[in-house]
Structure formats: C-alpha cells, structure tokens
Amino acid sequence: MKLCLVVDDSKVIRKVARRILEELNFDIEEAVDGQDALDACDRNMPDVVLLDWNMPVMDGLEFLKAIRSRQGVDQPIVVFCTTENDMAHIRTAIEAGANEYIMKPFDREIIEAKFTQVGLM
C-alpha cells in the first residue's frame, strides 16, 4: 500500500482525511505541522503528502520548499489541502512544487479525483 502523510494542525481534519484515505487503501502517518512532517519524512518518506497551509511552527509552504530542496531523496507527491483558495496562493503553491491543490472542506470524491489526477490511483 502507498503511504500518505496527512499534515494538519486540526485533529478533526486529520481524522477525516485518515478515514477517507484508509478506505482508498492508503497507509497513513500524521503530522501536526511542517516541522513534524519533515521529521516524519526523515523517518519514512511517504508516497504522497496531504498538506495544510496554515499551521504553527512551520507552515505548509515552508515545508514544501524544504522538502523540494532536498537532493538525492525520492520526492513525494504533494497535494495542498487548505482554505486558502485565491489564485495567488494556488500559483505560489504550484510554483513551489505542489502537484495538486484541494480546497477545504473536502470529501472522498474530491480526494479520489485529485489522487487519480496525480497518478496515485
């Protein structure tokens, strides 16, 4: 099974994402912020990261730039999942290396469609 790292400071969002992704046959790791996510990637690089933007300690964009700057490691697919829905945020995320972008609130159909688009399903 593919490993998905769900990165969000909201326990509720992590729980909802976990339930959906487990139904889609993903193994799940969770992280509460960008630094926690980098630490998780150091332990076991996921196939995909479902990433919130606004978090304490290290936000999603900082995490994305940090992971994309690493040389010699397999890069995960990164799908932003955030309430930031203006074109400037989306463009910034894509330019920084995000593969796809999901708006909150989300459901199974949205995640399944985006994960299919990026070749995970």
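Values in this document were obtained by computation on a predicted structure and should not be read as measured data. (Residues numbered from 1 in each chain as written. Predicted model: local features only at pLDDT ≥ 70, side-chain atom pairs only at ≥ 80, totals over all residues. Heavy atoms only, no water.)

### Some thoughts on the UniProt feature "domain: Response regulatory" (unreviewed entry) in the chain
Put simply, the rule reads: UniProt positions are given in the numbering used here, feature names are shortened, and annotations may be inferred rather than shown by experiment. Put simply, DSSP marks the helices as runs of H or I at least four residues long and the strands as runs of E at least two long, and each gets a number from the N terminus on.
As recorded in UniProt, the sites labelled "domain: Response regulatory" (unreviewed entry) are residues 3-119. A distance of 14 Å separates the end C-alpha atoms of residues 3-119, which is 44% helix and 21% strand.

### Comments concerning the nonpolar core
Note the threshold: What makes a nonpolar core is a set of buried Ala, Val, Leu, Ile, Met, Phe, Trp, Tyr and Cys residues whose side-chain atoms join them at distances within 4.5 Å. In this scheme, a residue with accessible area under 20% of its type's maximum is buried, one over 50% is exposed, and one in between is partly exposed, where area comes from a 1.4 Å probe on protein chains only. Whether two residues are in contact is decided by their heavy atoms, any of which lying within 4.5 Å being enough.
Counting residues in each nonpolar core, the largest one holds 23 residues, and the members touching the most others are L5, V7, V49, L51, F63, L64 and F80. Contributions of two or more residues to this core are made by β1 (2-7), α2 (34-43), β3 (48-51), α3 (60-68), β4 (77-82) and α4 (87-96). With residues near it in sequence (within four places) discarded, L64 still touches L51, V78, F80, A93, A96, G97 and A98. Counting 19 residues, the second-largest nonpolar core is a separate cluster that includes L21, I28, V48 and L120.

### Observations concerning the pattern of salt bridges
We count it as follows: Salt bridges are defined by distance alone: a side-chain nitrogen of Lys or Arg within 4 Å of a carboxyl oxygen of Asp or Glu.
Under the defined criterion, the tally for this structure stands at 10 salt bridges. The residue D8 makes a salt bridge to K104 at a minimum N-O spacing of 2.7 Å. Taken as a pair, D8 in the loop between β1 and α1 (11-23) and K104 in the loop between β5 (100-103) and α5 (108-117) lie far apart in primary sequence, 96 residues in all. Note on D8: relative accessible area 3%, which makes it buried. The partner of R14 in a salt bridge is E30, and the shortest N-O contact between them spans 3.0 Å. Residue R14 is found in helix α1, and its partner E30 is found in strand β2 (residues 26-31); the two are separated by 16 residues along the sequence. Taking relative accessible area as the criterion, R14 reaches 10% and is therefore assigned buried. For E30, a relative accessible area of 30% puts it in the partly exposed group. Among the charged side chains, a salt-bridge network with shared partners connects R14, R18, E22 and E30.

### Re unusual backbone geometry
For the bond from K104 to P105, the omega torsion is -5°, close enough to zero to count as cis. Considering the arrangement of structural elements, one finds P105 in the loop between β5 and α5. For N25, which is not a glycine, the phi torsion comes out positive at approximately 70°. Following the sequence through the fold, N25 ends up in the loop between α1 and β2. Of note in this structure, V57 is not a glycine but carries a positive phi near 70°. Among the structural elements, V57 can be located in the loop between β3 and α3.

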